[in-house]
Amino acid sequence: MGQGEVAGTAPAFADASAGSSTEHQPNWSFDPQCPVRDVLDRIGDKWSTLILVTLANGPHRFSAVQRAIPDISKRMLTQTFRDLERDGLIARTVFPTRPPSVEYRLTPLGETILEPLGVLVRWADRSHAAIRNARLAFDGTS
């Protein structure tokens, strides 16, 4: 945690009135116990983001999410569903059919992540070509 920060609070953001070139950059210092880091560890993992974006279109069964994200293994999908459910971002509903069917949906808390994720996804879409070109230049294969 940075100097002057209280345990259990998010990092302070730089004062936008300072007029520096870093005025939009937060003053980040992430102690391993920082609550922001704890949340970003979940949202920032590869599979959670893809699952949340998939569920933004409405409830899905396990197999439908697996079809939407074909490179995720059953084991990883199951674990990520459990983690997202534990964090309160998705809900699991079991229907009394034979065999039982299970459906996953975003919770109200999970729905609140869609706006910032949408911004990130749009940025990634706009920036993909530039990032690909930077990688090629860095790797010396341009």
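Residues numbered from 1 in each chain as written. Predicted model: local features only at pLDDT ≥ 70, side-chain atom pairs only at ≥ 80, totals over all residues. Heavy atoms only, no water.

A. Geometry of the overall build of the protein chain. Of the regular secondary structure elements, the protein chain holds 6 helices and 3 strands. The linear arrangement of helices and strands in the protein chain, starting from the amino end, is α-α-β-α-α-β-β-α-α. Classification of the 142 residues of the protein chain by burial places 27% in the buried group. Restricting to contacts in the protein chain with at least 6 residues of sequence separation, those with at least 24 account for 39%. Per element, the accessible surface of the protein chain, about 10100 Å² overall, is 55% carbon and sulfur. (Helix = DSSP H or I, 4+ residues; strand = E, 2+ residues; numbered from the N terminus. Buried < 20%, exposed > 50% of the residue type's maximum accessible area, 1.4 Å probe, protein only. Contact = heavy atoms within 4.5 Å. Areas by Shrake-Rupley, 256 points an atom, 1.4 Å probe, with all protein chains shown as cover.)

B. Region of the structure containing the packing of helix 2 (residues 46–55) against helix 6 (residues 114–139). In the contact formed by helix 2 and helix 6, the axes pass within 11 Å of each other and the chain directions differ by 110°. In terms of orientation, helix 2 and helix 6 fall into the roughly perpendicular class. In terms of crossing hand, the pair formed by helix 2 and helix 6 is left-handed. On helix 6, the residues that touch T49, L52 and V53 of helix 2 are L114, L117 and V121. Residue composition of the contact of helix 2 with helix 6, grouped by class: 5 nonpolar, 1 polar and no charged. (Axes fitted to C-alpha atoms, helices over the stretch in contact; angles between N-to-C directions. Parallel < 35°, antiparallel > 145°, perpendicular 65-115°, else oblique. Left-handed = near helix turned anticlockwise from the far one by under 90°. Nonpolar A, V, L, I, M, F, W, Y, C, P; charged D, E, K, R; others polar.)

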